[in-house]
Amino acid sequence: MITSEMSDTISAGDGASLNGGANSSLHSTDTGHTNRNIAGHETDTEDDSEDGDEGVEGHTIESTCSGVLNGANGEDDEDDEDEDEEDEEPTLKYERMTGPINDLLKKDSISAISVSNKLIAVGTHGGIVHVLDMTGKRIKSYKPHQASISDMEMDHTADFVATASIDGQVVIQSLSTQESYMFDMKRPIRTVALDPNFAKKGTRAFICGGLAGTLVLREKGWLGHRESVLHSGEGPIWNVRWRSHLIAWANDFGVKIYDTQSQTRITYIDRPADSPRADLFKCTLHWQDDTTLLIAWADHIKVARVRARPRTATTSANSNLPPLIVEVTAALQLDCMISGILPHPMSHSAPTKENGSIASRTTLTSFLVLAYEPPDDFGDEMTDDPARQARKTAERPELRIVSRTGEEFSADALNVTGYQSWACNDYLLAEIDTGGTETDQCYIVASPKDIVFVRPRDRKDHIAWLVEHQRYEEALDETEKLGEDEQSSDSGGYKIDVVSIGERYLRYLVGEGDFVKAAQLCPKVCGQDAKRWEDWIFVFAQSRNLQAIIPFIPTEAPQLSHLVYEMILGYFINHDKEALLQTIREWPKSIYDMPSVIVAIQSELERIPMSSSLKPSSVDAVWLMECLADLYTANRQPGKALQYFLRLRRPNVFDLIREHNLFTDVKDQVLLLVEFDQELNGKREEEGLDTTQSRSEAISMLVDHTHSIPVDRVVQQLRPRPFYLFLYLDSLFKKDQNLASDFADVQVKLFAEYATSRLIEYLRASSYYNLEAAYNICKGRDLVPEMVFLLGRMGNNKQALTLIIERIGDVQQAIEFAKEQNDDDLWEDLLKYSETRPTFIRGLLENVGAEIDPIRLIRRIKNGLEIPGLKEALIKILHDFQLQISLLEGCQRILHGDCSDLARVRQKGQNGGFFLSEKAVCPLCTEPLRRSPQDLLLLFLCRHIVHANCINGIDDLPRYIDGGLDIGLRVSPAHDLSAKIAFASVVRAKILHGCPVCRRQGEGHVC
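Throughout this document, residue positions are counted from 1 along each chain, in the order its sequence is written. Only residues with pLDDT of at least 70 are given local features in this predicted model, and only at 80 or more are side-chain atom pairs given and counted; all residues enter the totals for whole chains, interfaces and linings. Hydrogens and waters are ignored; side-chain quantities use all the structure's heavy atoms.

Participant: Can you walk me through a nonpolar patch on the surface in this structure?
Facilitator: The patches reported here contain residues having more than 30% relative accessible area and no salt bridge. Joining distances are 9 Å for like charges and 5 Å for nonpolar side chains (Val, Leu, Ile, Met, Phe, Trp, Tyr). Methods summary: accessible areas were calculated by the Shrake-Rupley approach with a probe of 1.4 Å, and residue burial reflects only the protein chains presented. For salt bridges, the criterion is a side-chain nitrogen of Lys or Arg within 4 Å of an Asp or Glu carboxyl oxygen. A surface patch of nonpolar side chains, about 250 Å² in accessible area, is lined by Phe914, Leu916 and Leu939. The numbering of helices and of strands both runs from the N terminus, where a helix is a DSSP run of H or I of at least 4 residues and a strand a run of E of at least 2. Along the chain, phenylalanine 914 turns up in the loop between α31 (870-911) and β33 (937-939).

Okay, structure coming up:
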């Protein structure tokens, strides 16, 4: 039971009080919320006397009616109430501001807030002001104070921000210009308010107050700011708010209202009796409109309405009275302290018109209260018990919606950061003027570390709540009542429309396992929407209940995407492969994605064990291969169908390859191709045909198209079948040795295995194999000629020669081997070995030449050794030496003639003249050679010309006079030549290292 008291009209004149009112007790109905005891108070309103000396005691009529919920099953009723609260739909929705604000409040905290024109100004305990937009983006920050900001206000244009601080200063700052005002009030300032038309008026008026107890109005005039004291002497000014021509402020005694037009105080509303300390539980003043003031102080709420004073017959009686009167239209007492109060639309309780619209939306309002519940032991500060004196943990603040009759519609606990440490005055409540309807209302709840946006829940939120609580039928009914524009908007991450709700209903049925009912609902929900059909088909497939929806899947009108039909084919792949082949041959290939189906069939085929020849080993494998061959052919990919034609042993495979130019596709099917070709050869041999003279058709194709079929890929595939690999590498080597160079070692091993007689030929022709590895292979098979050749290549000539002599015994081969190696030590070994073998001695004598000195060989013949054919061998040696001597003499004559010719050419070149231009410079000093006629120039045979004085060590040369150039001097030519030779000798003696230019360049010439 909730009791409220309403006043009819309570007005007061100057110095007098008029009391009158009627009490009415209103009982709230059960709204599903926890009912709270709210005592309503009806309070008379009094005006202060002009001089303030005489206080007028207000008469208060208070009536409470407590309701007690009793019943036989009290505990059961409480449990039912808790369950109802859990299912109760909330009224408001919340969103925490993110972005830079979190970083700004890491080392600071909010102390004041103001909102105007969709800009938010935040004041902090550090004296900083942050201006933010609705998204949390920081617009501007500045620091007007050195201490905590106690109050702040933005004008209607959101251009000027006024801040009051406990440092005693009031600062007004323009956000768009450099205009700024700072006033030092000498005492801590608790509140400040700007003229409603501050930006438009030149007076720049504002009002402030604080602990000094003086309410000061400052206006800008011609000679500076003029200060007017509106009130003083009743304790600190806790709050002040200015709307139109009315100013309301609160001090320790109560709330007063001042009219700037008549320049008089028009009312005084006393502070509730037994109220707690004013500094602990702040007074909140909010002008609902130009004539309605909401007052929240501690746990009391009052609504004051200002109106014109009624005219009376006696005008003299009203001549000294203010033109306005105030009536308190509502007075409530809550069970909590109030941190903030704002008007809130109460549309859900308004009557509804015939056309469905809500009447009187703007006239009916409730209160949005930011409630703070103090600890249970609040007020124990005077106790001596330290434990009780310690600060207690606070509860979460609550945002309540309370009607003017005291009925509480909702109460939401806010989980703000650090709520355990905050007090009542730490929380702030502000309204954002969106300029729209009540559904566009937006509020801000601020704590020292958080800013939370609060918005009313609309019909879409109601539907979302129904869906969240799985009341889908009700949600569908409500959704059908929405307009198309409302249905198309998003809420909670999904669209609010019949289809979306129906899909959530389908998800619910699927989650409950009722797939039959869900499948029956699909045609209604999905209709002609192919995408929706596909989504739900996939849901059934993931739940392994595809068979439940298959009868309802359309094949046309609408035609679904490829994935759906591929999924059905995938079902056949796993459960019925014969039906899969039949379906592939019957269905149009355009309704599904053939590559995806091919991949699935290939994956299934890989699970089936295959024989070593990759032939199909089961009926399932044959069906799958048939499917793949048909799909690749239909998809115009005969190259990929090739491997399945090979496995299925389809005829005319080679013709197919050539016809479609499938050489690139063969590169991955090499083994299949060669095996198939060898099987064909085997069949020809069985038929009595000769296949030895003809090269394998598959090998020829691989070798002739190496640009399309890489060698390394072929080798990799043929390694398991070495004979096939030998055939391929042998043909490849015959075509081009470089193509098989990377597999030379493998080829050596294959030759030793399958064609030993041709190994020595390959060893001589190739130079890419590893000598040591090849030698080990030959040694393991005791292939002596090949071993001799490899040892010679490896440089182990002695061992090779030993093998020739001991294992082969061929003197001619030994001599040829020694000539090839051109090694004196090898010849020495051969001579030493031949000393006791006449056959070898005769062979050596017959092949004597530049490699063997015949005298050296003859001296090694032992006396008495009989050598057949010795005479003929010696005659041949002498004849060869005579011929060699004749050749040497002819060469010597040619050499002497060439040297003489070159010497004459050089002499002619050195004795010839040298052309010297005027621009020639000295290579040593880079100055012109002809600086003056007295400069001595030296010309070397290398044709370098330098100044004589540029050469070190010849500064003391005697002066040389050229007689041929001096006209007055007559000397004989012989004497002139002798003088030149003598002077040249002196200069040569001074120059020890030849031409200095050549020496500097490191050419090594001595000129």
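Participant: Got a minute to help me understand the sheet that holds strand β8 (residues 149-154) in this structure?
Facilitator: Through backbone hydrogen bonds, the strands of a sheet pair up, either in parallel or in antiparallel fashion. Only strands that DSSP links by at least two bridges are regarded as paired with each other. Read from one edge of the open sheet, 4 strands run β8-β9-β10-β11, paired in antiparallel fashion. Edge positions in the sheet fall to β8 and β11 (180-184), since each of these pairs with one other strand and no more. Strand-to-strand twist of the sheet, defined as the mean angle between neighbouring strand axes without regard to direction, takes the value 10°. As judged from the 5 bridges shared by strand β10 (residues 169-174) and β11, these two strands associate in the antiparallel manner. To obtain each axis, a line is fitted to C-alpha atoms, and for helices this fit is confined to the stretch in contact; angles are then taken between N-to-C directions over 0 to 180 degrees.

Participant: Help me understand empty space enclosed by the protein in this model?
Facilitator: Cavity and pocket criteria rest on a 1 Å grid covering protein atoms alone: a 1.4 Å probe that fits but cannot get out defines a cavity, protein on both sides within 12 Å along at least 5 of 7 lines defines an open pocket, and an atom within 4 Å of a point defines a lining residue. Grid points are joined across faces, edges and corners, and a volume is the space filled by probe spheres set on the points. Going through the model one piece at a time under the given rule, you end up with 3 cavities of 30 Å³ or more. The space that makes up the largest cavity amounts to roughly 50 Å³. Along the walls of the largest cavity sit Val255, Ile269, Asp270, Arg271, Pro272, Ile295, Trp297, His300, Ile301 and Lys302, which together make up its complete lining. Examining the composition of the lining of the largest cavity, we find that 3 residues originate from one element, strand β22 (residues 300-308), more than from any other. Polar here means any residue other than Ala, Val, Leu, Ile, Met, Phe, Trp, Tyr, Cys and Pro, which are nonpolar, and Asp, Glu, Lys and Arg, which are charged; Gly is therefore polar. A class-by-class count of the residues in the lining of the largest cavity yields 6 nonpolar, 1 polar and 3 charged.

Participant: Can you help me understand the state of the cysteines in this one?
Facilitator: Think of a disulfide as a covalent bridge from one cysteine sulfur atom to another cysteine sulfur atom. Criterion for a disulfide: a pair of cysteine sulfur atoms at a distance within 2.5 Å. Considering all chains together, one arrives at 0 disulfides under this definition. Looking at the unpaired cysteine 922, the closest cysteine sulfur is the one in cysteine 925, lying at 3.7 Å. Only protein chains enter the accessibility calculation, which uses a 1.4 Å probe; a residue is then buried when its area is under 20% of its type maximum, exposed when over 50%, and partly exposed in between. Exposure remark for cysteine 922: the relative accessible area of 0% places this residue in the buried category.

Participant: Teacher, can you tell me more about unusual backbone geometry here?
Facilitator: Negative phi is the rule for most residues except glycine; trans is the rule for most peptide bonds. Its identity as a non-glycine residue notwithstanding, alanine 158 has a phi of 60°, on the positive side. Mapped onto the secondary structure, alanine 158 falls in the loop between β8 and β9 (160-165). One non-glycine residue, alanine 298, lies in the positive phi region at around 60°. Tracing the sequence through the fold places alanine 298 in the loop between β21 (292-297) and β22. Given the relative accessible area of 1%, alanine 298 is considered buried.

Participant: Would you mind going over the sheet that holds strand β12 (residues 189-194) with me for this structure?
Facilitator: Pairing is antiparallel across the open sheet formed by 4 strands, whose spatial order is β12-β13-β14-β15. Taken across any chain shown, the strands that pair with only one partner, and hence form the sheet edges, are β12 and β15 (224-232). The sheet shows a mean angle of 20° between the axes of neighbouring strands, direction not considered. Here β12 runs beside strand β13 (residues 206-210); their pairing, made up of 5 bridges, is antiparallel. Paired with leucine 194 across the bridge in β13 is phenylalanine 206.

Participant: So what exactly am I meant to see when it comes to the nonpolar core here?
Facilitator: Soluble, globular proteins show a tendency: their nonpolar side chains are buried together. Ile601 and Tyr728 are the most contacted members of the largest nonpolar core, which totals 120 residues. Residue contributions to this core peak at 8 residues, all from helix α14 (residues 619-634). When residues no more than four places from it in sequence are discounted, the contact partners of isoleucine 601 are Ile573, Leu580, Ile584, Leu624, Cys627, Leu628 and Leu631. Listed in part, the 43 residues of the second largest apolar core include Ala250, Ile266, Ile401 and Phe409. In these notes, a set of buried Ala, Val, Leu, Ile, Met, Phe, Trp, Tyr and Cys residues joined through side-chain atoms within 4.5 Å is what counts as a nonpolar core. Note on definitions: a residue-residue contact is assigned when non-hydrogen atoms from the two residues lie within 4.5 Å.

Participant: Explanation requested: helix α19 (residues 697-704) in the structure shown.
Facilitator: Residues lying three or four places apart along an α-helix face the same way, a consequence of the helix completing one turn every 3.6 residues. Counting buried positions along α19 gives 6 out of 8 residues, so the element sits mostly inside the fold. Here α19 has its buried residues at Ala698, Ile699, Ser700, Met701, Leu702 and Val703. Check the buried side of α19 and you find it contacts α16 (653-660), α17 (663-666), α18 (670-686), α20 (711-718) and α21 (722-735).

Participant: Sorry, what's going on with the packing of aromatic side chains here?
Facilitator: Aromatic ring pairs are reported here in terms of the distance separating the ring centres and the angle at which the planes meet. Each pair of aromatic rings taken from Phe, Tyr and Trp, with Trp reduced to its six-membered ring, is defined by centres within 6.5 Å and is described as stacked if the planes are under 30 degrees apart, edge-to-face if over 60, and tilted in the remaining cases. Taken as a whole and judged by the stated rule, the model has 18 aromatic pairs. Relative to phenylalanine 540, the ring of phenylalanine 515 lies with its centre 5.7 Å away and its plane at 65°, an arrangement referred to as edge-to-face. Remark: phenylalanine 540 occurs in helix α9 (residues 530-542) and phenylalanine 515 occurs in helix α8 (residues 515-526); sequence separation between them is 25 residues. Its relative accessible area of 0% is what places phenylalanine 540 among the buried residues. Here the aromatic rings of phenylalanine 723 and tyrosine 754 are separated by 5.4 Å at their centres, their planes lie at 65°, and the arrangement is edge-to-face. Of this pair, phenylalanine 723 sits in helix α21 while tyrosine 754 sits in helix α22 (residues 744-754), placing them 31 residues apart in sequence. The partly exposed category is assigned to phenylalanine 723, whose relative accessible area is 36%. Aromatic rings pair up to connect Phe723, Phe726, Phe733, Phe751, Tyr754, Tyr762 and Tyr769 into one cluster.

Participant: What's the story with the environment of lysine 577 in this structure? I'm lost.
Facilitator: Along the polypeptide, lysine 577 turns up in helix α12 (residues 577-586). On a C-alpha basis, the gap between lysine 577 and isoleucine 601 in space is 9.7 Å, while along the polypeptide they are 24 residues apart. Setting aside its immediate chain neighbours within four residues, lysine 577 contacts Phe572, Glu604, Asp620, Trp623 and Leu624. Looking at lysine 577, its side chain comes within polar contact range of the side chain of glutamate 604, at 3.5 Å. What qualifies as a polar contact is a pair of N or O atoms within 3.5 Å, subject to a donor-acceptor requirement within protein and to the restriction that residues adjacent in sequence count only when both atoms come from side chains.

Participant: Help me understand the pairing of strand β26 (residues 398-402), please; the structure alone is not making it clear to me.
Facilitator: Moving residue by residue along a regular strand, the side chains alternate between the two faces of the sheet. For β26, the buried fraction is high: 5 of the 5 residues fall into the buried class. Of the two faces of β26, both are covered, the one formed by Glu398, Arg400 and Val402 as well as the one formed by Leu399 and Ile401. Relative to β26, strand β25 (residues 365-372) runs antiparallel, the two being bridged by 5 bridges. What sits directly across from phenylalanine 367, in β26, is valine 402. Two strands pair when backbone bridges link them, and β26 and strand β27 (residues 408-413) are joined in this way by 5 bridges, in the antiparallel orientation. Across the sheet, valine 402 pairs through a bridge with glutamate 408, a residue of β27. Here β26 hands over to β27 after 5 residues, with glycine 406 in that stretch at a positive phi of 100°.

Participant: Is there a simple way to think about the confidence of the model for the protein chain in this case?
Facilitator: The predicted structure's coordinates, where accompanied by low pLDDT, should not be read in detail. With 76% of its residues at a pLDDT of at least 70, the protein chain reaches an overall mean of 78. What pLDDT conveys is the predictor's confidence in a given residue, as a value from 0 to 100. Within the model, the stretch residues 1-76 combines pLDDT values under 50 with 188 contacts to residues more than four positions away or in other chains. Contacts from residues 348-363, a stretch scored under 50 in pLDDT, to residues over four places away or in other chains number 12 contacts.

Participant: So what exactly am I meant to see when it comes to the packing of helix α7 (residues 498-512) against α8 here?
Facilitator: When two helices pack together, their arrangement is given by the angle between the helix axes and the distance between those axes. Direction vectors running N to C along α7 and α8 enclose 165°, while the axes themselves pass 9 Å from each other. Taken as axis vectors, α7 and α8 run roughly antiparallel relative to one another. α8 is crossed by α7, and the crossing has left-handed handedness. The segment α7 lies against α8, with Val499, Gly502, Glu503, Tyr505, Leu506, Leu509 and Val510 engaging Phe515, Lys517, Ala518, Leu521, Cys522 and Val525. For the contact of α7 with α8, a count of residues per class yields 10 nonpolar, 1 polar and 2 charged. Any angle that is under 35 degrees is reported as roughly parallel, and any over 145 degrees as roughly antiparallel; angles of 65 to 115 degrees are reported as roughly perpendicular and all others as oblique. Helix crossings fall into two classes, left-handed where the near helix is turned counterclockwise from the far one by less than a right angle and right-handed where it is turned clockwise.

Participant: Mind showing me how you'd approach the pattern of salt bridges here?
Facilitator: Where charged atoms of side chains with opposite charge meet at close range, the side chains can pair. Within the structure shown, the criterion is met by 36 salt bridges. Here aspartate 450 makes a salt bridge to arginine 96, at a shortest N to O gap of 2.8 Å. Of this pair, aspartate 450 sits in strand β30 (residues 450-456) while arginine 96 sits in strand β3 (residues 92-96), and the two are 354 residues apart along the sequence. The closest approach of N and O atoms between glutamate 474 and arginine 471, which form a salt bridge, is 3.0 Å. Look at arginine 471 and you get partly exposed, because its relative accessible area is 32%.

Participant: When you look at helix α15 (residues 638-647) in this model, what are you seeing that I'm missing?
Facilitator: Counted residue by residue, α15 has 8 buried out of 10 residues, so it is predominantly covered. Taken as a whole, α15 has its buried residues at Gly639, Ala641, Leu642, Gln643, Tyr644, Phe645, Leu646 and Arg647. As for α15, its buried residues are in contact with α13 (594-606), α14, α16, α17 and α18. After α15 finishes, the residue arginine 649 shows a positive phi value of roughly 55°.

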